[in-house]
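An overview of the molecular structure
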Amino acid sequence: MINLLSRLILASVSILGLVSAPSWAADEKSSQKVELIILGAAAGRTSYGGHPDGGFSAAIAVGDIRYIIDFGRGWHDRYYQAGLGTAKYKTGFSGLESVRAAFITHLHSDHVVGYPELLLFGATEGLRRKKEPIQIYGPGSRGSLTPQNINSPSFKEIVNPSSPNPGTKEMTDKIYEAFAADLNDNILDSGMPNPHKYINANDIKIPDTIVPTPDGVPPRMSPFEIYHDELIKVTATLVSHPPMYPSFAFRFDTKKGAIVFSGDTNKSENLIELADNAKILVHEVINHDWANGLFPVPRTEDQVSKLDHLIKSHTDVRDVGEIAEKAKVKHLVLSHLAPPTITDAEWINSVKGFGGRVDVGRALFRVTLE
Ligand SMILES: [Zn+2]
Ligand SMILES: [Zn+2]
């Protein structure tokens, strides 16, 4: 009787929509495999002399659907090397049609230099088979020109003064404009469609309650949702990566648990809240000895500003253990390595105060959520 009563109560509450579990809620019995794959792992505007780790990028695969996070150098080749797409040469190239959405943490070029490959090659590699365009979510404009570093006060000639800090949507439109010679050749001579129609770029809308702080520290805030479908829910928070604003960290809740990406940031309380109880935290790291060694004293003004940026805008590897412990995550993956040339053992031995599993997330590192 009690059983019947409680079932009736539950059913009526459910009809009212009060307890209906969202489709992306954790469900350990779900048969769909959820996997994290690192597609690139190095930090900064350099190839480190052709280092095989490439620039930071990652994919989350849920069954046959893929989500991409950042587009560092080499992501596109590693997407195929990881088996995320199958190029069917006999029936036309394909492989990117499985990408449903992509998320850009911030607009430093080490995170977006490979983005044009999706925009320009996508139509050839399967996007024409998609019914819906790929949704891209990334930062909007910072809204004002980046302030000049006080350590380097000499005159600086800036790029594109009429729009010096374009956001994701404007950047996307301009990439298509910049490649018009190639695209129009392909459209008019080979009968290909305009590939822009397969991409829908969105500037992430920060909640109205948050006062923009382009030149300051982002305020403490709770995560806000930017995307969901039947497989995942994506929430974001502002992290501190001065002077790049806005810079985001992302959390992907799947039926097998949550994966969080720090983006580029110094120690961030917003990130710790975002990563609360996540299964995996992919966190950026920098080695301070390496950074100091790049600029031996005496340093020029510009070298002082560069070192200043490296130290203030990134997270010392000796601090990430405490961050992961506070967030109660199970598995810490060190990536966006500054530099990638340090051995795994040295990175891992530098992590202090964390009781969970630690790995170095280099290119093609992968882990299945159990
Ligand atoms: Zn970076
Ligand atoms: Zn950055």
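Because the structure is predicted, anything quoted here is derived from the model rather than measured.

**Some remarks on the overall build of the chain**
In terms of helices and strands, the chain carries eleven helices and 14 strands. Relative to a compact globule of 370 residues, whose C-alpha radius of gyration would be 21 Å, the chain shows 22 Å and is just as compact. Here the C-alpha coordinates of the chain stretch approximately 80 × 60 × 40 Å along the principal axes. In the chain, once contacts between residues fewer than 6 apart in sequence are set aside, the share between residues at least 24 apart is 68%. As displayed, the chain has an accessible area near 17,500 Å², and 56% of this comes from carbon and sulfur atoms. Side chains of the chain give 38 positive and 43 negative charges; the mean places of these two sets differ by 6 Å.

**What about helix H9 (residues 301–313)?**
The end-to-end C-alpha separation of H9 is 18 Å, in line with the 18 Å expected for 13 residues at 1.5 Å each. Residues of H9 that are buried include every one of Ser305, Leu307, Asp308, His309, Leu310 and Ser313, and no others. Check the buried side of H9 and you find it contacts strand E11 (280–286) and helix H8 (288–294).

**Re the sheet that holds strand E6 (residues 199–203)**
Read across the sheet, seven strands follow the order E6-E5-E4-E3-E2-E1-E14 without closing on themselves; strand pairing throughout is mixed. Among the strands making up the open sheet, the edge pair consists of E6 and strand E14 (366–368). When strand polarity is set aside, the average angle formed by the axes of neighbouring strands in this sheet is 15°. Relative to strand E3 (residues 65–69), strand E2 (residues 57–62) runs antiparallel, the two sharing five bridges. In the strand pairing of E3, Ala59 is matched with Ile68.

**Considering the coordination of the zinc ion (ligand 2)**
The protein atoms that coordinate the zinc ion (ligand 2) are His106 (NE2), His108 (ND1), His241 (NE2) and Asp264 (OD), at distances spanning 2.1 to 2.4 Å. Taken together, the four donor atoms coordinating the zinc ion (ligand 2) span angles of 89 to 169° at the metal, a pattern that classifies the geometry as irregular. Spacing between the donor residues of the zinc ion (ligand 2) along the chain follows H-x1-H-x132-H-x22-D. A gap of 3.4 Å separates the zinc ion (ligand 2) and the zinc ion (ligand 1), which Asp264 links by coordinating each metal. Here Asp264 lies in the loop between strand E10 (257–261) and helix H7 (269–274) and His108 lies in the loop between strand E4 (99–103) and helix H3 (109–112), a separation of 156 residues in the sequence. Here His108 matches Asp264 in class, with each residue buried.

**Quick look at the layout of surface pockets**
In this model, the second largest pocket occupies a volume close to 300 Å³. Contributing to the lining of the second largest pocket are 18 residues, with Ala43, Gly44, Arg45, Lys306 and Leu310 lying nearest its centre. Of all the secondary-structure elements, those providing two or more residues to the lining of the second largest pocket are H8, H9 and strand E12 (331–338). Sorting elements by how many residues they give to the lining of the second largest pocket places H9 first, with three residues. Across the lining of the second largest pocket, the residue classes tally to seven nonpolar, seven polar and four charged.

**Points about the packing of aromatic side chains**
Per the counting criterion, the structure on display carries 14 aromatic pairs. Taking 6.5 Å as the distance between ring centres and 65° as the angle between the ring planes, the aromatic pair formed by Tyr67 and Tyr227 counts as edge-to-face. Here Tyr67 is found in strand E3, whereas its partner Tyr227 is found in strand E7 (residues 224–228), with 160 residues between them in sequence. Summarising the burial analysis for this pair, Tyr67 and Tyr227 share the class buried. Ring geometry for Phe252 versus Phe261: centroids 5.7 Å apart, planes at 90°, classification edge-to-face. Its relative accessible area of 0% is what places Phe252 among the buried residues. An aromatic cluster is present here, built from Tyr67, Phe103, Tyr137, Phe224, Tyr227, Phe248, Phe250, Phe252 and Phe261 joined pairwise through their rings.

**Re the sheet that holds E11**
Read across the open sheet, the seven strands follow the order E7-E8-E9-E10-E11-E12-E13; overall the sheet is mixed. Among the strands making up the open sheet, the edge pair consists of E7 and strand E13 (357–360). Here the average twist between neighbouring strands, direction ignored, is 25°. On the sheet, helix H10 (residues 320–327) packs against E11 and E12 and is oriented at approximately 160° with respect to E11.

**Considerations on the coordination of the zinc ion (ligand 1)**
Of the protein atoms, only Asp110 (OD), His111 (NE2), Asp264 (OD) and His336 (NE2) coordinate the zinc ion (ligand 1), at distances of 2.1 to 2.2 Å. Geometry at the zinc ion (ligand 1) is irregular, judged from its four donor atoms and the angles of 91 to 166° they form at the metal. Mapped onto the sequence, the residues coordinating the zinc ion (ligand 1) show the spacing D-H-x152-D-x71-H.

**Quick look at the pairing of strand E1 (residues 34–40)**
Counting buried residues along E1, seven of its seven residues qualify, which places the element largely inside the surrounding structure. Here E1 pairs with E2 via six bridges, running antiparallel. Bridging from a neighbouring strand, Val34 pairs with Val62 of E2. Where E1 and E14 come together, three bridges link them in antiparallel fashion. Pairing of Ile37 across the sheet is with Arg366, part of E14.

**Quick word on the pattern of salt bridges**
Using the criterion set out here, one finds 19 salt bridges in the structure. Here Glu170 and Lys174 are joined by a salt bridge, their closest N and O atoms 2.6 Å apart. One end of the pair, Glu170, and the other, Lys174, are both in helix H5 (residues 168–178), four residues apart, so they sit about a helical turn from each other. Glu170 gets classed as partly exposed once you look at its relative accessible area, which sits at 28%. One salt bridge connects Asp253 with Arg251, and the closest N-O pair in it is separated by 3.0 Å. Residue class for Asp253 comes out buried when judged on its relative accessible area of 16%. Among the residues examined, Arg251 registers a relative accessible area of 14% and is labelled buried. Among the charged side chains, a salt-bridge network with shared partners connects Lys267, Glu269, Glu322 and Lys326.

Calculation rules
Residues numbered from 1 in each chain as written. Chains lettered and ligands numbered in written order. Predicted model: local features only at pLDDT ≥ 70, side-chain atom pairs only at ≥ 80, totals over all residues. Heavy atoms only, no water. Helix = DSSP H or I, 4+ residues; strand = E, 2+ residues; numbered from the N terminus. Rg over C-alpha atoms; globule rule 2.2 N^0.38 Å. Contact = heavy atoms within 4.5 Å. Areas by Shrake-Rupley, 256 points an atom, 1.4 Å probe, with all protein chains shown as cover. Lys, Arg positive; Asp, Glu negative; His and termini not counted. Charge placed at Lys NZ, Arg CZ, Asp CG, Glu CD. Expected span 1.5 Å × (residues − 1). Buried < 20%, exposed > 50% of the residue type's maximum accessible area, 1.4 Å probe, protein only. Pairing = 2+ DSSP bridges. Axes fitted to C-alpha atoms, helices over the stretch in contact; angles between N-to-C directions. Donors = N, O, S within 2.8 Å, 3.2 Å for Na, K, Ca; no water. Tetrahedral: all angles 85-135°; square planar, octahedral: opposite > 155°, others 65-115°. 1 Å grid on protein atoms, 1.4 Å probe; cavity = no way out; pocket = protein on both sides within 12 Å on 5 of 7 lines; lining within 4 Å. Points joined across faces, edges and corners; volume = space filled by probe spheres on them. Nonpolar A, V, L, I, M, F, W, Y, C, P; charged D, E, K, R; others polar. Phe/Tyr/Trp six-rings, centres within 6.5 Å; stacked < 30°, edge-to-face > 60°. Salt bridge = Lys/Arg side-chain N within 4 Å of Asp/Glu carboxyl O.

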